[in-house]
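What follows is the residue order along each chain.
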Amino acid sequence: RTESEGMKAYLEIMGVPKNLMLTEEQSLDTLGNYYFAWDLVDRVCSGSKSKSVGVVTDEFHIDRGMWAARKVLGPEYKVYPLPTPKEGDWKRSVIERLIVNAWRFDLRGVESGDRNGFADYFTNAHPMHVPNAPLSAYKAGIALMKRLG
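For clarity, every value in this text was computed on a predicted model and none was experimentally measured.

**Considering the packing of aromatic side chains**
Item 1. One pass over the full model with this rule turns up eight aromatic pairs.
Item 2. On the basis of an interplanar angle of 65 degrees and a centroid distance of 6.3 Å, the ring pair of Y35 and W38 is categorised as edge-to-face. Of this pair, Y35 and W38 both sit in helix α2 (residues 30-45), three residues apart, roughly one helical turn.
Item 3. Measuring from ring centre to ring centre gives 5.4 Å for F36 and F122, while their planes differ by 75 degrees; the resulting arrangement is edge-to-face. Of this pair, F36 sits in helix α2 while F122 sits in helix α5 (residues 115-124), placing them 86 residues apart in sequence.
Item 4. A relative accessible area of 21% means that F36 is categorised as partly exposed.
Item 5. Take F122: its relative accessible area is 5%, and that puts it in the buried class.
Item 6. Among the aromatic side chains, those forming a connected cluster through ring pairs are Y35, F36, W38, F118, Y121 and F122.
Item 7. Residue placement shows R108 over the ring face of F105; its charged tip is 4.0 Å from the ring centre.
Item 8. Above the face of the W38 ring, R115 is positioned so that its terminal group lies 4.3 Å from the ring centre.

Next up, the structure:
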């Protein structure tokens, strides 16, 4: 089952009604979650004076999720952390920091909320979405993560 199906099951257990849940099924990583859900988020928040998004993920992913949400959605949205408890280890913590720093490097020319910049990244450079993507910090980080296990 997909990550979004797992998250829907978790939210249902936590008492969130199904009719309040929207999912996207295209993403292959956290950055993609926000990029591919962008239009859904815009639709839900349209007409609202205060555009707010909650990032629900475990404690080790929360920094990555918050960074990705703020970078993709831009300053127009307030982003709130909603971490779930989960134990982790030093290796997982290092991997989380590696991913965010790789994104920071690769996206250094893309402003927060820049739809065209993100479209270009996902069309031409994102190693999980572009076959034979050019070398990037994120691509190198993925290779390193695989070696670390």
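**Overview of the packing of α2 against helix α3 (residues 62-73)**
Item 1. Packing of α2 against α3 leaves a shortest axis separation of 9 Å and a crossing angle of 45 degrees. Viewed along their axes, α2 and α3 adopt a mutual orientation that is oblique. Regarding α2 and α3, the two cross each other, and that crossing is right-handed. Counted together, T30, L31, Y34, Y35, W38 and V41 of α2 and R64, G65, W67, A68, A69, V72 and L73 of α3 form the full contact between these two elements.
Item 2. Looking at the contact of α2 with α3 residue by residue, the class counts come to ten nonpolar, two polar and one charged.

**With respect to the confidence of the model for the protein**
Low-pLDDT portions of the prediction should not be read for the details of their coordinates.
Item 1. For the protein, the average pLDDT comes to 88, and 97% of its residues sit at 70 or higher.
Item 2. For the protein, per-element mean pLDDT is lowest for helix α1 (residues 3-13), which scores 83, and highest for α5, which scores 95.

**What about the packing of helix α4 (residues 90-106) against helix α6 (residues 137-148)?**
Between two packed helices, both the angle of their axes relative to each other and the distance between the axes serve to describe the pair.
Item 1. Interhelical geometry of α4 versus α6 gives an angle of 165 degrees and a closest axis separation of 8 Å. With respect to α6, the axis of α4 lies roughly antiparallel. Between α4 and α6 lies a crossing of left-handed hand. Contacts from K91, I95, L98, I99, A102, W103, F105 and D106 in α4 reach A137, Y138, G141, L144, M145 and L148 in α6.
Item 2. Among the residues making up the contact of α4 with α6, the classes are represented as eleven nonpolar, one polar and two charged.

Reading guide: rules and limits
- Residues numbered from 1 in each chain as written.
- Predicted model: local features only at pLDDT ≥ 70, side-chain atom pairs only at ≥ 80, totals over all residues.
- Heavy atoms only, no water.
- Phe/Tyr/Trp six-rings, centres within 6.5 Å; stacked < 30°, edge-to-face > 60°.
- Helix = DSSP H or I, 4+ residues; strand = E, 2+ residues; numbered from the N terminus.
- Buried < 20%, exposed > 50% of the residue type's maximum accessible area, 1.4 Å probe, protein only.
- Lys NZ or Arg CZ within 6 Å of the ring centre and 35° of its normal.
- Axes fitted to C-alpha atoms, helices over the stretch in contact; angles between N-to-C directions.
- Parallel < 35°, antiparallel > 145°, perpendicular 65-115°, else oblique.
- Left-handed = near helix turned anticlockwise from the far one by under 90°.
- Contact = heavy atoms within 4.5 Å.
- Nonpolar A, V, L, I, M, F, W, Y, C, P; charged D, E, K, R; others polar.
- pLDDT = per-residue confidence, 0-100.

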